[in-house]
Amino acid sequence: MSHYQYWFAGFLLLLSSNIQAQVEADRISLHQLMQFMAKHKEIHATFVENKYIKGVDVPLESSGDLMFIAPSTMVRNTLQPKPEMLKLTGNTVTVERMGRKHSLQIDDYPEISLHFEGVRALLAGDVERLTHLYSVGLTGTFVDWKLVLNPLRQGTALKSLNLNGSHDSVKSVEVHLEDGDYSIMQVSRKDLNE
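Numbers given to residues run from 1 along each chain, matching the order in which its sequence is written. Totals for whole chains, interfaces and linings use every residue, but because this is a predicted model, local features are given only for residues with pLDDT of at least 70 and side-chain atom pairs only at 80 or more, for both listing and counting. Side-chain measures here rest on the full set of heavy atoms in the structure, leaving out hydrogens and waters.

K.L.:
Now, about the overall build of the protein: what can you tell me, with residues and values included?
P.N.:
A run of DSSP states H or I qualifies as a helix once it reaches four residues; a run of E qualifies as a strand once it reaches two. Both are numbered from the N-terminal end. A tally of regular secondary structure across the protein gives four helices and eleven strands. Here the term buried applies to any residue with accessible area under 20% of the maximum for its type, exposed to any over 50%, and partly exposed to those in between, with areas from a 1.4 Å probe on protein chains only. Burial status across the protein gives 35% buried among its 194 residues. Residues are treated as being in contact if the distance between any of their heavy atoms lies within 4.5 Å. Taking as baseline every contact in the protein between residues at least 6 positions apart, the subset at least 24 positions apart corresponds to 38%. Computed by Shrake-Rupley with a 1.4 Å probe, the accessible areas treat only the displayed protein chains as cover when residues are assessed. When the accessible surface of the protein is split by element, carbon and sulfur atoms take 56% of a total near 11800 Å².

Structure (structure tokens):
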């Protein structure tokens, strides 16, 4: 090997080690992600959700608007296929459909509670609440991260929540149930474009 080839090989080795160091430096920790999420006092987004249910040939699609107001209010306003508003404030869920309102306490419905509490804890940047409910796996970088939440509570219908995001925005939410049914919600922040 010539002197030039040694120099070039050394340069490539140095370059690859610098790239690897940069990639490792860009990895995001759970605490970093939650600090970024906690900065938002209010988030507005649109969603398109597809539910895949055994025995149904095509996914069931719905779409509408989402809103989060720190620390504990979440609103899902479904516009298509039928208007429905679901609002979670504290432990109270209010559902409004066809001009009728119905309220319930989320603690009385553990499956709903677990799902909403996981998303709400992430949006609020509440590490303690999130790790109390789920075993948490976070991979990726600040630009492209994936959060996998597996319930710590035994015997629930919820198998996992998988959230994908970029920076301080959730881009998609996958809900996987133990029976094999699942849903995928694509989320687009509206307040980023204002």
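K.L.:
Give a description of helix α3 (residues 110–124) that names residues and reports values.
P.N.:
By this rule the span expected of a helix is its residue count minus one, scaled by 1.5 Å. Given a rise of 1.5 Å per residue, 15 residues ought to cover 21 Å, and the 20 Å separating the end C-alpha atoms of α3 matches this to within 8%. Among the residues of α3, those classed as buried are S113, L114, F116, E117, G118, V119, R120, A121, L122 and L123. A positive phi of about 70° marks G125, the residue just after α3.

K.L.:
Give a detailed account of the layout of surface pockets, specifying residues and quantitative values.
P.N.:
Cavity means a closed set of points on a 1 Å grid over the protein atoms alone, one where a 1.4 Å probe fits but cannot get out, pocket means an open set with protein on both sides within 12 Å along at least 5 of 7 lines, and lining means a residue has an atom within 4 Å of a point. Grid points are joined across faces, edges and corners, and a volume is the space filled by probe spheres set on the points. Space inside the largest pocket adds up to approximately 1100 Å³. Taken together, 44 residues make up the lining of the largest pocket; nearest its centre are E49, R76, H115, F116 and M185. For the lining of the largest pocket, the secondary structure elements donating two or more residues are β1 (42–52), β2 (60–69), β3 (73–80), β4 (84–89), α3, β9 (158–166), β10 (169–177) and β11 (182–189).

K.L.:
Give me the environment of D126: which residues, what numbers.
P.N.:
As for its position among the elements, D126 is in the loop between α3 and α4 (127–133). Here D126 falls in the partly exposed class, since its relative accessible area comes to 33%. Once residues within four sequence positions are removed from consideration, D126 is found in contact with M34 and A121.

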